[in-house]
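Chains, contacts and geometry: an overview
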Amino acid sequence: MQIFGVDIGGSGIKGAPVDLDRGDLAQERLKVLTPHPATPDTVADGVKEVIDHFGWTGPVGITFPGVVTGGATIRTAANVDKSWIDTDARALLGERLGGLPVTVINDADAAGVAEMQFGAGRDRRGTVIMLTFGTGIGSALFIDGVLVPNTELGHLELDGHDAEKRASSKAKEDHDLSWEHWAHRVQAYLAHVEMLFSPELFIIGGGVSRKSGKFLHFVEGIKAEIVPAQLQNNAGIVGAAMRAAKEG
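First, a word on scope: everything that follows refers to the structure included in this document. A quick note: this is a predicted structure, and the numbers were derived from the prediction, not measured. (Residues numbered from 1 in each chain as written. Predicted model: local features only at pLDDT ≥ 70, side-chain atom pairs only at ≥ 80, totals over all residues. Heavy atoms only, no water.)

1. A closer look at the environment of Phe202
Positionally, Phe202 belongs in strand S14 (residues 201–205). For Phe202, a relative accessible area of 0% corresponds to the buried category. For the pair Phe202 and Lys165, spaced 37 residues apart in sequence, the C-alpha separation works out to 20 Å. Residues in contact with Phe202, not counting those within four places in the same chain, are Ile129, Leu131, Leu190, Val193, Glu194, Ile222, Ala224, Glu225, Ile226 and Val227. (Helix = DSSP H or I, 4+ residues; strand = E, 2+ residues; numbered from the N terminus. Buried < 20%, exposed > 50% of the residue type's maximum accessible area, 1.4 Å probe, protein only. Contact = heavy atoms within 4.5 Å.)

See below:
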């Protein structure tokens, strides 16, 4: 079975049909740049561009980089325009897509759901935390395979700052940090999250997951196992489609 998944990020909007039996993209994904300002209307246009490219006419799962309650209402918007807050994203996007059935889920939660089903978290019990490093830091918390939604652990305080301002991929680029220097920031962040939740496993996702060999060996002193996401930066697309199939 195929369902379309779209992953809205702070820098890009990417999507593709997903083969839900394999947990992988059925076609090569299309990515367009996230507009700035990333208002509801401009982002919805970007989502429509991605879906129209494939001529898709069925259900669509869409991730959002912030808290999503009730599968529809946006509560936070750290890395997109603040006008998203209190928007009914499901209604807005469904209307823009000509009435296609739309499901909306937090982006890191979607990536985590995909990794737990098809990737690094498969068959893992206990406490598992997926962290996505990109424009910000997203988080997905699982207890014995069950998602605790909208945790937003990227906004924990770290060294007097919002953690994602210190340890996201964007922070690495903005401050021109070496992989080793950035890894030490990631290590401090992981130590803080570990102190709070004592997970058995950290899954590191986002675009940096495909470059894990450049930095993970610098991260020391963490008791939990640390592994890169197996679905890498496609996890959000796959998880969005999985949620749409579940709700459909």
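2. As for a positive patch on the surface
Together, Lys31, Arg210, Lys211 and Lys214 make up a region of like positive charge exposed at the surface. Along the chain, Lys31 falls in strand S4 (residues 30–33). On the basis of relative accessible area, Lys31 is assigned to the partly exposed category, the value being 45%. (Patch = residues over 30% accessible without salt bridge, like charges linked within 9 Å, V, L, I, M, F, W, Y side chains within 5 Å. Areas by Shrake-Rupley, 256 points an atom, 1.4 Å probe, with all protein chains shown as cover. Salt bridge = Lys/Arg side-chain N within 4 Å of Asp/Glu carboxyl O. Lys, Arg positive; Asp, Glu negative; His and termini not counted. Charge placed at Lys NZ, Arg CZ, Asp CG, Glu CD.)

3. Observations regarding the packing of helix H3 (residues 107–118) against helix H7 (residues 235–247)
Geometry of a packed helix pair, given as the angle between the helix axes and the separation of the axes. Between H3 and H7, whose axes approach to 7 Å, the crossing angle comes to 85 degrees. By the angle class used here, H3 and H7 are roughly perpendicular. Contact residues: H3 offers Ala110, Ala111, Val113, Ala114, Glu115, Gln117 and Phe118, while H7 offers Ala235, Gly236, Val238, Gly239, Ala240 and Met242. Here the residues of the contact of H3 with H7 are counted per class, giving 9 nonpolar, 3 polar and 1 charged. (Axes fitted to C-alpha atoms, helices over the stretch in contact; angles between N-to-C directions. Parallel < 35°, antiparallel > 145°, perpendicular 65-115°, else oblique. Nonpolar A, V, L, I, M, F, W, Y, C, P; charged D, E, K, R; others polar.)

4. Quick look at the packing of aromatic side chains
Here the structure, examined in full by the defined rule, presents 8 aromatic pairs. Judged by centre distance (4.8 Å) and plane angle (55 degrees), the rings of Phe64 and Trp84 are tilted. Residue Phe64 is located in strand S5 (residues 60–64), and its partner Trp84 is located in the loop between strand S7 (73–74) and helix H2 (89–96); the two are separated by 20 residues in the primary sequence. Taken individually, Phe64 and Trp84 each receive the classification buried, so the pair is uniform in this respect. Both rings, one in Trp179 and one in Phe215, keep their centres 5.7 Å apart while their planes meet at 10 degrees; by these two values the pair is stacked. Within this pair, whereas Trp179 is found in helix H6 (residues 179–197), its partner Phe215 is found in the loop between S14 and strand S15 (225–228), the two being separated by 36 residues in sequence. Given a relative accessible area of 22%, Trp179 falls into the partly exposed group. A relative accessible area of 1% means that Phe215 is categorised as buried. Three or more aromatic residues link up through ring pairs in this structure, and these residues are Phe133, Trp179, Trp182, Tyr189 and Phe215. (Phe/Tyr/Trp six-rings, centres within 6.5 Å; stacked < 30°, edge-to-face > 60°.)

5. Overview of the pattern of salt bridges
Tallying each qualifying case throughout the model produces 11 salt bridges. Note that Asp24 is salt-bridged to Arg22, the shortest N-O span being 3.6 Å. Measuring nitrogen to oxygen at the nearest pair gives 3.1 Å for the salt bridge that ties Glu225 to Arg124. One end of the pair, Glu225, is in strand S15; the other, Arg124, is in the loop between H3 and strand S9 (127–133), and 101 residues separate them in sequence. Residue classification places Glu225 among the partly exposed positions, given a relative accessible area of 39%. Relative accessible area serves as the criterion here: at 27%, Arg124 is assigned to the partly exposed category. Counted as one network, the salt bridges with shared partners bring together Asp19, Arg22 and Asp24.

That is the geometry; function is a separate question.
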